[in-house]
Amino acid sequence: MRALTVTTALAAHLLPSFANAQSAEAPPSWTTTDAVGGAPSRGSWGVHAWGGWHSFGARGYGAITDRLAIAGGFESVLAIRWRPFVALNVRFVDTARFRLSGEPSFGWLLQRGEFTKLGPSAELRLRMALKFGRVVPFVTLATQLTTLADRTVIDSANGSRTEWSFRHELAFIGDLGLAIAITRAFGLEVGAGYPWYDAPNGVPLPRFFLGIHVGAAR
Amino acid sequence: MNARFTRALSALVSVACAACINSDRRLYEVDLMGEIVAPANTVGATTVELHHAETFGRGALAHPLGLIERVSAPAPGALRHTLLYPTDLGSGLVVYAWVDLNGDGQLCRPGTPPEPAGLAVVQGFPAHALSYRVELTSSCVGPEALFPR
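As the structure is a prediction and not an experimental result, all values here were calculated from the model. (Residues numbered from 1 in each chain as written. Chains lettered and ligands numbered in written order. Predicted model: local features only at pLDDT ≥ 70, side-chain atom pairs only at ≥ 80, totals over all residues. Heavy atoms only, no water.)

Colleague: Please clarify how the confidence of the model for chain B should be interpreted in this entry.
Modeller: Detailed conclusions should not be drawn from predicted coordinates in areas where pLDDT is low. Mean pLDDT for chain B: 91, with 95% of residues reaching 70 or above. For this predicted complex, the interface confidence reaches an ipTM of 0.79, while the overall pTM sits at 0.74. (pLDDT = per-residue confidence, 0-100.)

Colleague: It is not clear to me how the pairing of strand β9 (residues 186-193) of chain A should be interpreted in this structure. Could you clarify?
Modeller: Side-chain positions along a regular strand alternate between the two faces of the sheet. Residues and elements named next belong to chain A. Across the two faces of β9 the burial differs, with Gly187, Glu189, Gly191 and Gly193 buried and Phe186, Leu188, Val190 and Ala192 not buried at all. When strand β8 (residues 159-183) meets β9, the two strands line up antiparallel, connected through eight bridges. From the neighbouring strand, Asp175 faces β9, where its bridge partner is Gly193. Count of turn residues in the β8/β9 antiparallel hairpin: two residues. Sheet topology note: the β9/strand β11 (residues 207-216) ladder contains eight bridges and is antiparallel. Within β11, the position partnered with Leu188 by the bridge is Ile212. (Buried < 20%, exposed > 50% of the residue type's maximum accessible area, 1.4 Å probe, protein only. Helix = DSSP H or I, 4+ residues; strand = E, 2+ residues; numbered from the N terminus. Pairing = 2+ DSSP bridges.)

Colleague: Just to check I follow, could you spell out the packing of aromatic side chains for this structure?
Modeller: How two aromatic rings sit relative to each other is given by the distance of their centres and the angle of their planes. This structure, assessed with the given rule, holds six aromatic pairs over all chains. Seen from their ring centres, Phe74(A) and Trp82(A) are 5.7 Å apart, and the 35 degrees between their planes marks the pair as tilted. Taking relative accessible area as the criterion, Trp82(A) reaches 33% and is therefore assigned partly exposed. Note on Tyr28(B) and Phe125(B): the rings are 5.9 Å apart at their centroids and 75 degrees apart in plane angle, and the pair reads as edge-to-face. With a gap of 97 residues between them, Tyr28(B) in strand β1 (residues 21-37) and Phe125(B) in the loop between β6 (116-121) and β7 (129-135) connect regions that are remote in the sequence. Using a relative accessible area of 15% as the deciding quantity, one classes Tyr28(B) as buried. Three or more aromatic residues joined by ring pairs make a cluster, and in this case those are Phe56(A), Phe74(A) and Trp82(A). (Phe/Tyr/Trp six-rings, centres within 6.5 Å; stacked < 30°, edge-to-face > 60°.)

Colleague: Would you take a moment to explain the sheet that holds strand β3 (residues 64-73) of chain B for this structure?
Modeller: Strand pairing within a sheet occurs via backbone hydrogen bonds; the two strands may be parallel or antiparallel. Residue and element names in this part refer to chain B. Here five strands make up an open sheet; going across it, the order is β3-β2-β5-β6-β8 and the pairing antiparallel. The strands lining the two open edges of the sheet, one partner per strand, are β3 and β8 (138-139). Across eight bridges, the pairing between strand β2 (residues 45-54) and β3 is antiparallel. Paired with Val48 across the bridge in β3 is Val71.

Colleague: Can you help me understand the pairing of strand β6 (residues 117-130) of chain A in this one?
Modeller: Residues and elements named next belong to chain A. Relative to β6, strand β5 (residues 98-111) runs antiparallel, the two sharing 14 bridges. In the sheet register, Leu109 faces β6, and the bridge partner there is Gly119. Bridging between β6 and strand β7 (residues 135-156) involves nine bridges; their strand directions are antiparallel. Note on β7: the bridge partner recorded for Leu126 is Leu141. The hairpin formed by β6 and β7 contains four residues between the paired strands, and Gly133 there has a positive phi angle of roughly 65 degrees.

See below:
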């Protein structure tokens, strides 16, 4: 009952703002909000680096319009699984209290070790952030699809022929964290996540991380 | 300029291909003509197993046998089969066969009559066309009891 009350109050607080997504009342942006919630305003840029157990990464972005930014970076798990990527960040909602952006990205999976995995990888990421002054709780949800190609060369009496087959690796990633803007251009974050690589076969392991945001928000 | 561009593009495509091959298997196609020779009046489904002669390890530490494929035939006799032999998992070629006299799908289950089995090392491998002959002169033995001799 209490949860329902809290949810209703939160919705009542946020929903009127949704209708006015480009509200003129929105306060000046912070680099921290841009880094964790995405959707920076035109001319904004920043670098977001994070690390902990079991993964780390870095991401740079620059806004080319008020709704669109380009981004690029990498993510790594235990320095065994690497995924460099380029992305587009699209603003869906930006109000005084809430920000939601989508980030389709294209990358390349490079996993070495016992289970080598190499191949192109597409990801769709949703970034959500609440804005309480300098404090920015955030949630990130992502799904990732990687195509893995296998080659078989058959030597027969008539010569060699090559056959290709393809497998797919699916991953789901969810992160929850709290970011704090130290200044407009600099912030820190702490968070935890539950990435599930190679779903449904792989074993999901929780992760914990600290992050830093540096940039310029317009 | 065009030649330089073509070379650069070829190099880029080569690097991209090398960075996207996960499993790279090499198979050697062998057309096998076999003859399974069983004692007179032996009737029953025949199971033929094709093995590497050696798999892991080298020299005295080499592990004998390694199943590649299992083939079924309605009865002993001539059998033609095309084998795709994984060259990177072992060496040599061995054929093992047994006849399921009572149709229970198992070799010599306790309380059932003995069933004939035999093994042959395929001579001349590697070659794309080979023949072999397996004489089922043993009873109730698996391939590991017959190889190495």
